[in-house]
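Coordinates in review
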Amino acid sequence: MKKLILSFFSLLVLTVAFQACDDTKTYAEMLEEEDQAIDDFIKENGIKVISQSEFYAQDSMTAENEYVQLASGVYMNIVDKGSEDRNDTVKANDIVLVRFMEYSILDKDTTLSNLNAPETVDEFRYTVSSSSIAGIFISGYMLSYYSSTAVPPGWLVPLSYVRDMAHVKLIVPSKMGHQTASQYVYPYFYDIRKYQIYK
């Protein structure tokens, strides 16, 4: 009987010890942490968030340091809408060249940028199907760093509002980010200096 009680207490102690060492977070906790990090980033940078109705009332433009939160969860600031020609927009199968800087909101650090690499530009093909849009990286830092051809869906969101040579800033939640962002529930800030439609 004593051996049985001793075995039971030993098992109980081991169980408690293993639970105490479990530092893993649930997906819900990671999403909560992401939301808090985005809120903190917005406050720390003095960003004003406007509604979509305010955005459309302003002819789909934003003022300096003013971001619209879109239905996708992406926050977007249009610094420069691009070409004056309203028809100079991205179309199915166009090649788009991008100059960008990626900043990890959780790590508070720049993770990737081609802004200071004049010889390198990230390039992707814009595709459209009956039910969705997508981007497929052809070359550049994003492709080599993340080993994925999938363009973050958040990068594609501005293409409905801007034209050739546009400059936008984005806060992209993990669900609209690249595969690594989605996997680890990491939000990113992007300064996309140029969406150039390659002709």
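In short, a report on the structure. (Residues numbered from 1 in each chain as written. Predicted model: local features only at pLDDT ≥ 70, side-chain atom pairs only at ≥ 80, totals over all residues. Heavy atoms only, no water.)

A word on the environment of V162
Note on placement: V162 falls in the loop between helix 5 (153–156) and strand 8 (166–172). In contact with V162, other than residues within four places in its own chain, are I78, K81, T89, V168 and Y195. (Helix = DSSP H or I, 4+ residues; strand = E, 2+ residues; numbered from the N terminus. Contact = heavy atoms within 4.5 Å.)

Digging into helix 2 (residues 27–44)
With 18 residues, helix 2 ought to run about 26 Å at 1.5 Å a step, and its terminal C-alpha atoms sit 25 Å apart, in line with that. Of all the positions in helix 2, only E34, A37, I38, F41 and I42 are classed as buried. The arc that holds every buried residue of helix 2, seen down its axis, measures 135°, which confines them to one face. In helix 2, the exposed positions angled more than 90 degrees off the buried face are occupied by A28, E32, K43 and E44. On the buried face of helix 2, the contacting elements are strand 1 (48–50), strand 3 (75–80), strand 4 (95–104), strand 8 and strand 9 (188–198). Looking one or two residues past helix 2, G46 carries a phi angle of roughly 60°, positive in sign. (Expected span 1.5 Å × (residues − 1). Buried < 20%, exposed > 50% of the residue type's maximum accessible area, 1.4 Å probe, protein only. Arc of directions from axis to C-beta.)

With respect to the packing of aromatic side chains
Inspection of every chain in the model, using the stated rule, returns 11 aromatic pairs. Pairing F41 with Y103 gives two aromatic rings, centres 6.1 Å apart and planes at 40°, and the pair type is tilted. Of this pair, F41 sits in helix 2 while Y103 sits in strand 4, and the two are 62 residues apart along the sequence. A centroid spacing of 5.4 Å and a plane angle of 40° characterise the contact between F41 and F189, whose relative ring orientation is tilted. Residue F41 is located in helix 2, and its partner F189 is located in strand 9; the two are separated by 148 residues in the primary sequence. Given a relative accessible area of 10%, F41 falls into the buried group. Judged by its relative accessible area of 10%, F189 is buried. (Phe/Tyr/Trp six-rings, centres within 6.5 Å; stacked < 30°, edge-to-face > 60°.)

Taken by themselves, the reported measurements are silent on function.
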